[in-house]
Amino acid sequence: MTNAIFRKLAIRNIRSNKQIYLPYLLSAVATVSMFYLMANLLNNDFIHQRSSTLPLLFNFGVVVIGIFSFIFILYTNSFLIKRRKKELGLYAILGMKKLHVVRVLFLETLITGSIGILLGLIVGTVLGKLSFLALNYVLHFPAKMNFTLSAGTVLLTVGVFAVIFLIALLYNISQVTFSNPIKLMKGKQAGEKEPKSSIFLFLLAIGLLGSGYWISLTISDPIAALTKFFLAVLLVIAGTYFLFISG
Amino acid sequence: MALLEVKHLKKVYSTRFSSQQVEALKDVNFSIEKGEYVAIMGESGSGKTTLLNILSTLDTPTSGEVLLEGKSLADIKDSEMSDFRRNDLGFVFQDFNLLDNFSLKDNIFLPLVLSNTPVKEMEERLKPIVKPLGIEKLIEHYPYEVSGGQKQRAAVARALITDPKLILADEPTGALDSKSSQSLLETFEDINQAGQTIVMVTHSTRAAAHANRVLFIQDGEVYHEVYRGEQTVDQFMDKIAQSLMVIANRGGQYD
Ligand SMILES: Nc1ncnc2c1ncn2[C@@H]1O[C@H](COP(=O)(O)OP(=O)(O)O)[C@@H](O)[C@H]1O
Ligand SMILES: [Mg+2]
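Because the structure is a prediction, the values reported are computed rather than measured.

Sorry, what's going on with the sheet that holds strand β10 (residues 221-227) of chain B here?
Two pairing modes exist for strands in a sheet, parallel and antiparallel, and in both the strands are linked by backbone hydrogen bonds. Residues and elements named next belong to chain B. Pairing within the open sheet is mixed, and its six strands lie in the order β6-β7-β8-β3-β9-β10. Each having just a single partner strand, β6 (89-92) and β10 make up the two edges of the open sheet. Geometrically, the sheet is characterised by an average inter-axis angle of 20° between neighbouring strands, direction not taken into account. Relative to strand β8 (residues 197-202), strand β3 (residues 37-41) is paired through five bridges, and the arrangement is parallel. Its bridge partner lying in β8, Ala39 is registered against Met200. Sitting on the sheet, helix α2 (residues 78-88) is in contact with β6 and β7 (166-170), with an inclination near 70° to β6. Against the sheet, helix α8 (residues 233-249) touches β3, β9 (213-218) and β10, its axis set at about 150° to β10.

Take a look at the structure:
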């Protein structure tokens, strides 16, 4: 098999699995942008000048969001690979070598991971700029706050998420290579019940998402807001998760 | 030389967490000539799927061997196993195993895509296969847009498109209504007339009656076989039913 066919197959797979890849990408974009925002605030001049505890809190925030991102992406990824076991088992039965399946999975991760990180950085930057514009407008501080772009923060974000996606890939590879094709094909039947489409879950998801965003929008005092901010992040993550499994 | 030879095949499953062992195949022997259409009959749990999995190199026997054109499957290197499955075998499953997010055409192309066949050649091979199967107009559709019988036809097309030495079918009519079953069985007969060797596993007397030869498997052994010869499907069905009566007296249960 040539390189071109792996590329074609990877792109074909991403396209034809868009119902499961799209939520995966969205959650990746959401976590990347949140992480990037937080990491950026950590290095923000204005925040450093304003208080000495604030950077510490943001430091804490970066770590927490990093861990959340890790758990969240790995969770959505395990869901994704479970839904695809039949497909990968069929590839093996129809005559694709394990090593080739691994190469296709690698390319899929490379493509979706790159898109997720890139879009996450763009969304994060836009959100950062917008919220600083809004804050400047509302708060009328003597000195304007600037959302600055720093190579260090970008590199940190890219690095952290590259590692997360790599771990997700390793998990997928282990799922595929330690199982024979027959088991893979049966994986879907034998595995846990898949959540059915549920209006209840959907409403719960919308409720959680809504309250999460509402809290984050109504934050007034930046320092007391930090706990609220984490609550908001938690709600948004839980909401996205339920939205994901309700469909 | 027989196309396929099965010698003293034995398969014992042992579950990891219990000492209990299941002997799915005890001592299976038979051989199949090129161009034959053989049905393997047996009740549920008699080891049919196990046998087919071993024939298709998806599973390995505890002992015994399978020879394809005189070459033992056990001698095929791990690295050549996938090529062997891709080039020499065609699979038809009970539940079709089409990928829902691929169009019928892409499903049929899958084995060729895995062989990196040029698009032009794929297209050229497609038409003569889907036309007699009656799914020519449906190939741009997705599996969930067509009936069970049409899905199974697409699965048959996927099995045929690599021009395999052997088609292995596991209960191909198991999920079909009687009309679609009938038409699929006729399709298999047509394919076989065109020279394709087929091994089909089934527990349906009607399905088996379309084959040229029926092997009966029970308690992990092939202990009886009947040839169709010049009989019609209905006559052959009667003969199979008679054989099953004899088996039933040995303690088996058939529907
Ligand atoms: N992976 C397995 N592990 C343990 N026992 C198995 C496994 N697969 C099949 N068996 C057992 O082997 C016997 C034959 O099964 P199978 O080949 O599926 O029969 P059939 O296809 O004729 O219904 C059954 O008793 C079944 O429970
Ligand atoms: Mg079976």
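Can you walk me through the interface of chain B and chain A in this structure?
For interface size, the figure often reported is the accessible area lost on association. If you look at the interface, chain B gives 21 residues, while chain A gives 22 residues. Summing both partners gives a buried area of about 2,100 Å² for chain B against chain A, and 62% of it is carried by carbon and sulfur. At the surface where chain B touches chain A, the tally comes to two salt bridges. For Arg12 of chain A, the salt bridge identified is with Asp106 of chain B, shortest N-O distance 3.3 Å. For the pair chain B and chain A, the interface holds eight residue pairs in polar contact (both at pLDDT 80 or more). For the side of chain B that touches chain A, the secondary-structure elements that each account for two or more residues are α2 and α3 (104-114) of chain B. Taken together, the residues of the side of chain B that touches chain A sort by class into nine nonpolar, six polar and six charged.

Teacher, can you tell me more about the site of ligand 1 here?
Residues and elements named next belong to chain B. Taken together, Tyr13, Val22, Ala24, Glu43, Ser44, Gly45, Ser46, Gly47, Lys48, Thr49 and Thr50 make up the full set of residues adjacent to ligand 1. Thr49 is positioned such that a nitrogen or oxygen atom in its side chain is 2.7 Å from an oxygen atom of ligand 1. Mapped by element, the contributors of at least two residues to the shell around ligand 1 are β2 (21-32) and α1 (48-55). A total of three residues in the shell around ligand 1 trace back to one element, the largest contributor, which is α1. Per-class residue counts for the shell around ligand 1 are three nonpolar, six polar and two charged.

Help me out: how do you make sense of the pattern of salt bridges in this one?
When their charged atoms lie close together, side chains carrying opposite charge are able to pair. All names here are of chain A. In total, this model carries 19 salt bridges over all chains according to the counting rule given. The partner of Glu108 in a salt bridge is Arg84, and the shortest N-O contact between them spans 2.5 Å. Here the residue Glu108 occupies a position in helix α6 (residues 98-139), and Arg84 occupies one in the loop between α4 (53-83) and α5 (85-93), the gap between them amounting to 24 residues. For the pair Glu108 and Arg84, a shared accessibility class is recorded, and that class is buried. The network of salt bridges with common partners includes Arg84, Glu87 and Glu108.

Got a minute to help me understand the packing of aromatic side chains in this structure?
Between two aromatic rings, the relevant description is the distance of the centres plus the angle of the planes. Residue and element names in this part refer to chain B. Overall, the coordinates contain six aromatic pairs over all chains when judged by the stated rule. A ring pair is formed by Phe91 and Phe93, whose centres lie 6.0 Å apart and whose planes are at 15°; its orientation type is stacked. Exposure remark for Phe91: the relative accessible area of 7% places this residue in the buried category.

Definitions and cut-offs
Residues numbered from 1 in each chain as written. Chains lettered and ligands numbered in written order. Predicted model: local features only at pLDDT ≥ 70, side-chain atom pairs only at ≥ 80, totals over all residues. Heavy atoms only, no water. Pairing = 2+ DSSP bridges. Helix = DSSP H or I, 4+ residues; strand = E, 2+ residues; numbered from the N terminus. Axes fitted to C-alpha atoms, helices over the stretch in contact; angles between N-to-C directions. Contact = heavy atoms within 4.5 Å. Buried area = accessible area lost by both parts, 1.4 Å probe. Salt bridge = Lys/Arg side-chain N within 4 Å of Asp/Glu carboxyl O. Polar contact = N/O pair within 3.5 Å; in protein donor to acceptor, adjacent residues only side chain to side chain. Nonpolar A, V, L, I, M, F, W, Y, C, P; charged D, E, K, R; others polar. Near = heavy atom within 4 Å. Buried < 20%, exposed > 50% of the residue type's maximum accessible area, 1.4 Å probe, protein only. Phe/Tyr/Trp six-rings, centres within 6.5 Å; stacked < 30°, edge-to-face > 60°.

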